[in-house]
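Architecture at a glance
The primary structure of each chain is shown beneath.
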Amino acid sequence: MKQTTTSVLKDITNKTTGLGKRNGVSSPEHQEPPHKKRNRGVKKSDAKVDNFTPAGVIEKQLEPTFDLSFGSGNDKIDLHKNTSCKKNPDHKDFIPLEQFGVRHLPEGYGNQGLLRLVEALSKLIVLIRVDTCSSLRPKFFPDTEHKYLHFVGTTTGSGKIRFAETKTGTVSRHCLCDLCSESKTPETNWGEIKIITAAHVVFNNEEAKQTTCSFEIFGTKVVTKGGRATVDVKSDRCELICYTHDLSIISKLIKAIFYFTELHSKINKMYKSLSEKNLAILVSHPHGYPKYVTVGKWIKRQVKQRCNRTAYTKYTYTTCTCPGSSGAPVYILGKEKVWTTHPHSGSCDGHNFSGFEWENFYPGHLSPSDVTEQVSEKHLE
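Cut-offs applied
- Residues numbered from 1 in each chain as written.
- Predicted model: local features only at pLDDT ≥ 70, side-chain atom pairs only at ≥ 80, totals over all residues.
- Heavy atoms only, no water.
- Salt bridge = Lys/Arg side-chain N within 4 Å of Asp/Glu carboxyl O.
- Helix = DSSP H or I, 4+ residues; strand = E, 2+ residues; numbered from the N terminus.
- Buried < 20%, exposed > 50% of the residue type's maximum accessible area, 1.4 Å probe, protein only.
- Pairing = 2+ DSSP bridges.
- 1 Å grid on protein atoms, 1.4 Å probe; cavity = no way out; pocket = protein on both sides within 12 Å on 5 of 7 lines; lining within 4 Å.
- Points joined across faces, edges and corners; volume = space filled by probe spheres on them.
- Nonpolar A, V, L, I, M, F, W, Y, C, P; charged D, E, K, R; others polar.
- Polar contact = N/O pair within 3.5 Å; in protein donor to acceptor, adjacent residues only side chain to side chain.
- Contact = heavy atoms within 4.5 Å.

**Observations regarding the pattern of salt bridges**
Applying the stated criterion across every chain yields a total of 10 salt bridges. Note that Glu357 is salt-bridged to Arg237, the shortest N-O span being 2.9 Å. You can see Glu357 sitting in strand β18 (residues 357-360) and its partner Arg237 sitting in strand β11 (residues 237-244), a full 120 residues away along the chain. Grouping residues by exposure puts Glu357 and Arg237 together as buried. Three or more residues are tied together by salt bridges with common partners; here these are Arg162, Lys194, Arg237, Glu239 and Glu357.

Okay, here's the thing in structure tokens:
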């Protein structure tokens with residue numbers, strides 16, 4: 001059969017550019033290299049990805065590991081009895097929250113105010129259990145050839161409550177929890193809790209609906225289901241919304257958030273005169289166990305300048321972590337805004353690192369530990 005000029009050109013183009021397809025799907029040998037792909041595995045309606053996505057990551061050369069814990073965990077077990085952990089077999093640097101004291105802080109930081117801050121932070125830390133793995137998770141981490149995390153069964157991570165509020169609606173604009181979504185009489189007065197964690201802990205709405213968040217606030221134990229997730233995959237950051245019909249929990253959380261914010265402001269002023277403010281503290285649920293505190297220093301800050309007074313930053317630190325610590329907030333002494341939460345992500349080359357987050361940043365205050373990268377204008381649109 002005689003080919004037309006158009007079909008011949010089309011055939012030549014497919015052979016020379018590697019765009020051949022089989023049954024409408026790109027065959028493996030014709031797929032783009034993973035580091036050149038955009039994140040196509042997430043539907044916009046399922047997981048929102050921020051427009052600003054920083055180019056390049058510090059883990060390009062070495063394979064990173066991520067601190068997601070496989071299994072349901074147990075918040076009643078002593079971490080130090082777990083000797084099978086490959087990352088920290090003895091867990092000697094993990095201090096039970098109730099035993100944390102001045103003696104565990106570095107010289108120059110021994111202050112009761114800082115202890116109260118850690119205690120206030122701990123009230124906002126959440127144990128996150130995820131019972132499903134979305135098929136929409138990408139094969140690779142963005143801009144790398146490192147395989148993305150996939151799992152079967154239950155995983156655990158950590159997170160921080162950033163915001164809580166009461167909502168008042170109508171029969172047509174009601175609580176969106178599973179019970180209310182199927183009820184003929186849904187709650188029109190409910191509470192929403194915003195939790196910050198890592199994107200590899202809770203990846204999208206599908207996983208959010210199969211997520212359970214547990215915490216204790218002023219003596220009240222709370223277990224709540226996730227509802228929806230807003231995710232920035234490149235920054236490894238997730239905002240998870242949970243629902244509750246118990247409005248007294250929201251009142252307690254608002255008080256706890258306000259108290260932590262107040263203490264953060266006072267502590268920052270107290271340590272403002274220190275020449276080195278590189279303390280990095282982590283409160284998390286390692287292996288899905290009770291809360292433990294680890295203390296270290298941040299040794300590198302990747303700075304992507306956005307404008308004169310804000311930047312997109314990522315920290316590398318010596319603070320110990322374990323599987324289950326993923327998503328826990330890295331408290332950096334000296335950060336001005338308390339609402340900027342750098343979720344712990346993983347480790348590479350012997351040190352741990354966070355996801356990206358905005359923070360106040362003054363160009364004249366660069367330290368020797370800062371690595372700066374100029375963000376191109378297209379990221380600012």
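**Some remarks on the pairing of strand β10 (residues 220-232)**
The pairing of strand β9 (residues 211-217) with β10 spans 6 bridges and is antiparallel. Looking at the pairing, Ser214 lines up with Val223 of β10. Where β9 folds back on β10, the antiparallel hairpin that results is connected by 2 residues, among which Phe218 adopts a positive phi of roughly 50 degrees. As paired strands, β10 and β11 are joined by 6 bridges and run antiparallel to one another. What sits directly across from Arg228, in β11, is Ile241. Where β10 folds back onto β11 in an antiparallel hairpin, the turn is made up of 4 residues, including Asp236, whose phi is positive at roughly 55 degrees.

**Some thoughts on empty space enclosed by the protein**
All told, the structure shown has 2 cavities of 30 Å³ or more when counted by the stated rule. Space inside the second largest cavity adds up to approximately 120 Å³. Secondary-structure elements contributing two or more residues to the lining of the second largest cavity are α5 (247-270) and β15 (330-332). In terms of residue count, β15 provides more of the lining of the second largest cavity than any other element does, 3 residues in total. Of the residues contributing to the lining of the second largest cavity, the split by class is 7 nonpolar, 4 polar and 3 charged.

**Some points on the environment of Thr230**
Structurally, Thr230 is set in strand β10. You can call Thr230 partly exposed: its relative accessible area is 28%. The sequence separation of Thr230 and Phe203 amounts to 27 residues, and the corresponding C-alpha distance is 8.6 Å.

**Observations regarding the pairing of β11**
Consecutive residues of a regular strand have side chains that alternate between opposite faces of the sheet. Judged by how many residues are buried, β11 sits mostly within the fold: 8 of 8 residues are covered. Burial along β11 is two-sided: Arg237, Glu239, Ile241 and Tyr243 facing one way and Cys238, Leu240, Cys242 and Thr244 facing the other are all buried. Pairing of strand β8 (residues 189-197) with β11 involves 7 bridges; the strand directions are antiparallel. Across the sheet, residue Ile193 finds its bridge partner in β11, namely Cys242.

**Things to note about the side chain of Thr244**
Relative to the elements of secondary structure, Thr244 occurs in strand β11. Assessed through its relative accessible area of 11%, Thr244 is described here as buried. In terms of polar contacts, Thr244 uses its side chain to reach the backbone amide nitrogen of Asp246, at 3.1 Å. In contact with Thr244, not counting residues within four places along its chain, are Trp190, Gly191, Ile193, Ile249 and Ile250.

In short, geometric facts, not functional conclusions.
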